[in-house]
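So you can see what is in the structure, the chains are spelled out below.
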Amino acid sequence: MEVVDSRVQNHQNQMYGHSMAANSYMEQEEEWEREGLLDPAWEKQQRKTFTAWCNSHLRKANTQIDNIEEDFRNGLKLMLLLEVISGETLAKPDRGKMRFHKIANVNKALDFIASKGVKLVSIGAEEIVDGNTKMTLGLIWTIILRFAIQDISVEEMTAKEGLLLWCQRKTAPYKNVNVQNFHLSWKDGLAFCALIHRHRPDLLDYSKLSKDNPLENLNLAFDIAEKHLNIPRMLDAEDINNSPMPDERAVMTYISSYYHTFSGAQQAETAANRICKVLKVNQENERLMEEYERLASDLLEWIRRTTPWLKNKTTDNQLATVQKKLEEFRAYRRVHKPPRVEQKAKLETNFNTLQTKLRLSNRPAYIPTEGKMVSDIGNAWKGLEHAEKGFEEWLLSEMMRLERLEHLAQKFKHKADTHEEWTKGKEAMLQSQDFRNCRLNEVKALKKKHEAFESDLAAHQDRVEQIAAIAQELNSLDYFDSASVNARCQRICDQWDRLGSLSQKRSSALEEAERVLEKIDHLHLEFAKRAAPFNNWLDGAREDLVDMFIVHTVEEIQGLVEAHEQFKQTLGEADKEHSSIASLSHEVQTIANQYQVPGGIENPYTTLTARDITNKWTEVKQLVPKRDQTLQAEQQRQLRNEGLRRKFAEKANGVGPWIEQQMDSVAAIGMGMSGTLEDQLGKLRQYETAVNVYRPHMDELERTHQEVQENMIFENRYTHYTMETLRVGWEQLMTSIHRNINEVENQILTRDSKGITTEQLNEFRVSFNHFDKNRAGRLNDQELRSCLVSLGYSIRNDKQGDSDFRRIMNIVDPNNTGFVSFDTFLDFMTRESTDTDTAEQIIDSFRILASDKPFITADDLRRELPPDQAEYCIQRMAPYKGPNAAVGALDYMSFSTALYGESDL
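On a predicted model such as this, the values are computed, not experimentally measured, just so you know. (Residues numbered from 1 in each chain as written. Predicted model: local features only at pLDDT ≥ 70, side-chain atom pairs only at ≥ 80, totals over all residues. Heavy atoms only, no water.)

## So, the overall build of the protein
Then, number 1: Assigned secondary structure in the protein consists of 32 helices and four strands.
Then, number 2: When each of the 905 residues of the protein is scored for burial, the buried share is 42%.
Then, number 3: Across the protein, the fraction of contacts at a sequence separation of at least 24, relative to all contacts at a separation of at least 6, is 73%.
Then, number 4: Counting only carbon and sulfur atoms, one obtains 50% of the accessible surface of the protein, whose full area is about 49,600 Å². (Helix = DSSP H or I, 4+ residues; strand = E, 2+ residues; numbered from the N terminus. Buried < 20%, exposed > 50% of the residue type's maximum accessible area, 1.4 Å probe, protein only. Contact = heavy atoms within 4.5 Å. Areas by Shrake-Rupley, 256 points an atom, 1.4 Å probe, with all protein chains shown as cover.)

The following block contains the structure:
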C-alpha cells in the first residue's frame, strides 16, 4: 500500500506543479485508472466536498445545489456561483429551457473562467449539460483551484506548497501532528483540531485529544468549524478514517476554507487593534484637555476671589485687629498659596505635556478657551503677587505704628507686676518675731537671709525709679488710661518707704538674739563634722550594693566581682567610725539636758541623728551577702550569652557572603551582556529559585537572632554582620531579582510588540552599557549624545545639531532630570525604528471592518472593538450621507481624518 500511495502522491505533485487546467484533472484520472491507482471512494468524497463548497458560496445568494451533476446542467447556478465567488457580473444568462439555451449558459461560464487565465482543454459545455460526473467534478475543481487556492501565497511558493507550508507552521507546536501532505497526514483528525486550537483555543481543549480516537477527533473538528467558524461540513469523518488514502482534492478544498476564515479574522483583529491604539491616544489627549480647562478655571477663580482681600487696607487702629490681619496673611502665605503655586506649575506642565503628545501623534496643537491661555494665567498671577506685596508692606508699617504705644503700656505693667510680686509678703516677714524660738544656726541663717534681703532691697531701687519714669512718659504721650497708671505708681512708692523702715528694725533684733545662742553652738558642730562624711559613705555603699547593673560581657561582670571583694575589706574601719560618732551624739544630749537649752538636742548643722547612722550601718551589713548572690547569678548568665554570640556569628558569617555573591551575579546579568534576553530571564529565574531554596537558612538565623535579643545581647565581636544588615541585603537581593526579571520581560515585550529584532535590541543594550561608565543604569545628556552618534544618528556639532539634540532630550527627559534610563532609551529607539500611524492607515483599517463599504454601522463597531472604544466612535462619527447608505450608517472617513487634524469634525 505504501508503494501505491507514493506513486499516487508523485502523480499529484506533478499535476499541481505544472498546471491547474481542467484537462489535468481528466488526464490524471485516466492515468490513475489505467495504472490501477484510482480509489473509487475518491469520487464520493469529491462529490460531497465540492457540493458543500459550492453551497457555502451559493447561500450568499440565497440558493444551493443538491446534486452536483444535475443542478449545474442548465448553467444558471454555475454562472451565479462564479458571480458570487469573483464579485463580478457575468453576461446575462439565457432563460430558455432548450438544450441550446443550457449550452449557451455553460459556455458563458467557461468563457469567464478562461478570461481568468485558466486553460480549458477537453471540457465542453455539452459534457456539463449532459451531466458528465467526471467533467463536472473537474470543472468545479478548476474553479476551486482558481478562486480558493491559487491566491494563497506563503513565501512566494505555489498555491499548494504555500497552503501546505501554512498548515505546517500553524500545527508545528502540537503533539502527534506532522503535516506532510493533504491525505494521510489528516486521517486521525488531530491536524484539523490543531488548526482550530491555534487560532481559537477557546473552542476546544487539545490536551484531552488522543491519536487513538480518529473518528471523535474528526467529528469534533468538523462540528466546531461548522458551528463556530461558519465553515460547512465538506468531509465525512468515516470516509476519511476508512479510506486508505483520503482524496487530496477534497482535503485541500476543505482546508482552504480554514485558511480564508482565519486569515480574514487575523486581518480584522489587526485593523481593530490599530483603531484601538489611535482611539486610546485621542481619549488620553481629550482627558488632558479637560483637566487643563478645569485646573485653569479653578486657579483663575481663586485669584479673582483673593485679590480684593489683598487690596483691603482698612483698620480700626487696634493692634489686635492688625495682628489678626497679619496672622491671616501668614496663613495665606503658608497654607493657601503653596497649593496654588503647585497647581500653576502642574497646569503649565500638563499644557506642555499635552502639546508634546499632540505633536508626536500628528494631532493639531491644543488652543485653550478664551482667557485661559498660559499667558493669561501668568498675567493674573502677576497681579495677585503685586497686590500681595503692597498688602504686606502696609501691614508691617501699621504694626510698627501701633506697637510703640502698646509697648510702653506693656512695659509699665510688666515692671509693676514684677515689683508687686517681689514685695508680696515682705512687710509681714519684716514684722515677724520668728527668731525668738530659734537656735543659733537658725538665727545666724535668718541674719544672713536678712542681709541678703537688704542687698536685694537696695537693688530694687532702680526698678522703682524706672516705673516712675515710664508712668511719666505715658502721661506725656496722653495715654488713655493714665489715671490707673498714676494710682498704681503712687501705691508702689508708698510701700517702698515702709519697707525701708521695717528692714532697719528687724536687723537690730536679729543681732541681739545671735549673741544669746552663740554659747551652745559649739556643742553640735563636732557631731555634724563627723556624721556627714560617714553618712555619705553609707549612702554610697548602700546604693552600690543595690545598684541595678547592666553588663554585656564576661569581662565586665568579672570586674564587678573584683570591685565588690575590695569593698568588703573596708568594713572593719567603717565599724570603728560608727562607734566614735555614736559616742559623740550621746555626749551632746547629756550637755543639752544639763543646761535645759530650748531645742538644744537638735543639731542645727545637720538633720542626721545617731539612730539614722546606726540604721544605715545595719542595712549595709545585711546587703553585702545579697550582693554576692546577685553577682554570681549574673556571671553564669554572661557565660550563656557568650555561647549565643558564637552561634549567631557562625551562621551569619555563612549567610552574609552568600547574599553578597548572589547580588554580584544578579547585577552582572542586569548589565545585559550575557546571552539573549530569554537566556538572561532564565538565569534570573534560576537565581529566584535558588534564593527561595536558601530561605530556610535566613529563617534559622532569625530564630537565633530572636534568642539573642531575648537575652538582651547587643554586641558581637565574632562577626561584623548584624541581623538588620542581613535583612536589608536579603530584601535588596529579592528586589534586584524581581526588578531585573520585570525589566527583561518588558524588553522582550517591547521587542516582540514593536517588531524590533534581537540584534537591534542587543545593539541598543551594548551601546547604552558602553557609555554608562559608572554602571548606574542611566546616561546624562552628553553620554546619551555620544550613544546616539554611535548608533548612526547624525548630530552635528553646531547650532542645528544642538537644536536636534534638545528635541530628543525633550522626548526622553520631559521632566528635565538630566538623566535617561535604559527603558526610556529603548522606548525612544523603538519608536524611531517603527512606523507611526496615519489617517490613511486608520481609514484602511475601518474599511476592513466595514467589509469594503464606504460606511460602517454601530453593530460593526460593537462587534469588532472593545465596548468603551466602540461607544467612543459611535458618539463622534457623523452620519454617512453617501448613496446606498444603510440605516444608521456612520462616516468613518471624516472621523479618521479628524483624529489627525485633517477635518473640522
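## Considering the UniProt feature "domain: EF-hand" (unreviewed entry) in the protein
Then, number 1: Under the UniProt annotation, the feature "domain: EF-hand" (unreviewed entry) is placed at residues 759-794 and 800-835.
Then, number 2: In this annotation, residues 759-794 is assigned 64% helix and 8% strand; the end-to-end C-alpha distance for the span is 21 Å. (UniProt positions renumbered as here; feature names shortened; annotations may be inferred.)

## Focus on the packing of helix α29 (residues 839-849) against helix α32 (residues 892-899)
Then, number 1: Put simply, α29 and α32 touch, their axes get as near as 9 Å, and they point 150 degrees apart. The angle between α29 and α32 places the two elements in the roughly antiparallel class. Relative to α32, the crossing made by α29 is right-handed. Contacts from A839, I842, I843, F846 and R847 in α29 reach Y892, M893, F895, S896 and T897 in α32.
Then, number 2: Across the contact of α29 with α32, the residue classes tally to seven nonpolar, two polar and one charged. (Axes fitted to C-alpha atoms, helices over the stretch in contact; angles between N-to-C directions. Parallel < 35°, antiparallel > 145°, perpendicular 65-115°, else oblique. Left-handed = near helix turned anticlockwise from the far one by under 90°. Nonpolar A, V, L, I, M, F, W, Y, C, P; charged D, E, K, R; others polar.)

## A short note on the packing of aromatic side chains
Then, number 1: In the structure shown here, the tally under the stated rule is 26 aromatic pairs.
Then, number 2: Measuring from ring centre to ring centre gives 5.7 Å for F192 and Y254, while their planes differ by 55 degrees; the resulting arrangement is tilted. Of the two residues, F192 sits in helix α9 (residues 190-199) while Y254 sits in helix α12 (residues 248-311), which places them 62 residues apart along the sequence.
Then, number 3: Where F329 meets Y332, the ring centres are 5.9 Å apart and the plane angle is 35 degrees; that geometry is what we call tilted. Within this pair, F329 and its partner Y332 are both found in helix α13 (residues 319-360), separated by three residues, close to a single helical turn.
Then, number 4: On the basis of relative accessible area, Y332 is assigned to the buried category, the value being 3%. (Phe/Tyr/Trp six-rings, centres within 6.5 Å; stacked < 30°, edge-to-face > 60°.)

## Section: the pattern of salt bridges
Proximity of charged atoms lets side chains of opposite charge pair with each other.
Then, number 1: In this structure the tally under the stated criterion is 45 salt bridges.
Then, number 2: Across the pair R304 and E301 runs a salt bridge whose closest N-O atoms are separated by 2.3 Å. Taken together, the positions of R304 and E301, both in helix α12 and three residues apart, correspond to about one turn of that helix.
Then, number 3: For R304, a relative accessible area of 52% translates into the label exposed.
Then, number 4: Residue E301 is classed as partly exposed on the basis of its relative accessible area of 30%.
Then, number 5: In this structure, E388 and K337 form a salt bridge, with 3.0 Å as the shortest nitrogen-oxygen distance. Of this pair, E388 sits in helix α14 (residues 374-423) while K337 sits in helix α13, placing them 51 residues apart in sequence. Each of the two residues, E388 as well as K337, counts as buried.
Then, number 6: In the salt-bridge network here, residues are joined through shared partners; they are E284, R287, E291, K346 and K357. (Salt bridge = Lys/Arg side-chain N within 4 Å of Asp/Glu carboxyl O.)

## Points about the side chain of N282
Then, number 1: Tracing the chain through its elements places N282 in helix α12.
Then, number 2: Within the structure, N282 has its side chain in polar contact with the side chain of Y872 (distance 2.8 Å).
Then, number 3: Discounting chain neighbours no more than four positions away, the residues touching N282 are R363, Y872 and L899. (Polar contact = N/O pair within 3.5 Å; in protein donor to acceptor, adjacent residues only side chain to side chain.)

## Side note on the nonpolar core
Then, number 1: Residues I143, W186, F192 and Y258 are the most contacted members of the largest nonpolar core, which totals 77 residues.
Then, number 2: Ranked by residues supplied to this core, first place goes to helix α7 (residues 133-149) with 11 residues.
Then, number 3: Counting residues in each nonpolar core, the second largest holds 48 residues, with V666, Y721, V812 and M829 among its members. (Core = buried A, V, L, I, M, F, W, Y, C linked by side-chain atoms within 4.5 Å.)

## Comments concerning the state of the cysteines
Then, number 1: For the structure on display, the rule yields zero disulfides.
Then, number 2: The thiol of C493 is not disulfide-bonded; the next cysteine sulfur, from C489, is found 4.5 Å away.
Then, number 3: With relative accessibility at 28%, the residue C493 sits in the partly exposed group. (Disulfide = S-S within 2.5 Å.)

## Regarding the packing of α9 against helix α10 (residues 214-228)
Then, number 1: α10 packs onto α9 with a crossing angle of 35 degrees between their chain directions and a minimal axis gap of 8 Å. Where α9 crosses over α10, the two elements pack in a sense that is left-handed. In this structure, α9 uses L190, F192, C193 and I196 to contact α10, whose residues at the interface are N217, L218, L220, A221, F222, I224 and A225.
Then, number 2: The residue inventory of the contact of α9 with α10, partitioned by class, reads 10 nonpolar, one polar and no charged.

## Observations regarding the confidence of the model for the protein
Detailed conclusions should not be drawn from predicted coordinates in areas where pLDDT is low.
Then, number 1: For the protein, mean pLDDT is 81; residues scoring 70 or higher make up 89% of the total.
Then, number 2: Throughout residues 1-23 the model reports pLDDT below 50, and contacts reaching past four residues in sequence, or to other chains, amount to 49 contacts. (pLDDT = per-residue confidence, 0-100.)

## A word on helix α26 (residues 781-790)
One turn of the α-helix equals 3.6 residues, which is why residues spaced by three or four share an orientation.
Then, number 1: Residues of α26 that are buried: E783, L784, R785, C787 and L788.
Then, number 2: Between the side-chain oxygen of the N-cap and the backbone nitrogen of Q782 there are 3.2 Å, and the N-cap of α26 in question is N780.
Then, number 3: A positive backbone phi angle near 105 degrees is found at G792, which sits one or two residues after α26.

## Looking at the environment of L791
Then, number 1: Along the chain, L791 turns up in the loop between α26 and α27 (799-812).
Then, number 2: Judged by relative accessible area, L791 falls into the buried class, the value being 18%.
Then, number 3: The spatial distance from the C-alpha of L791 to the C-alpha of S767 is 7.4 Å, given a sequence separation of 24 residues.
Then, number 4: When residues no more than four places from it in sequence are discounted, the contact partners of L791 are E763, F764, S767, F825 and M829.

## As for the environment of I874
Then, number 1: Structurally, I874 is set in helix α31 (residues 867-876).
Then, number 2: Sequence separation between I874 and I856 is 18 residues, and the spatial gap between their C-alpha atoms is 9.8 Å.

## As for unusual backbone geometry
Most peptide bonds take the trans configuration, and most residues that are not glycine carry a negative phi.
Then, number 1: In this model, N62 sits at a positive phi of 65 degrees, which is unusual for a non-glycine residue.
Then, number 2: Mapped onto the fold, N62 is located in the loop between α3 (40-58) and α4 (76-86).
Then, number 3: By relative accessible area, N62 is classed as exposed at 75%.
Then, number 4: Positioned with a positive phi, N816 is a non-glycine residue whose angle comes to about 55 degrees.
Then, number 5: Looking at the secondary structure, you find N816 in the loop between α27 and β2 (819-821).

## Quick notes on the side chain of T171
Then, number 1: Its place among the elements puts T171 in helix α8 (residues 159-171).
Then, number 2: If we skip the residues at most four places from it in the chain, T171 touches V177, V179, A191, A194 and L195.

## Thoughts on the environment of H720
Then, number 1: The topology assignment puts H720 in the loop between α23 (677-710) and α24 (723-754).
Then, number 2: As for H720 and A649, which are separated by 71 residues in sequence, their C-alpha atoms are 8.4 Å apart.

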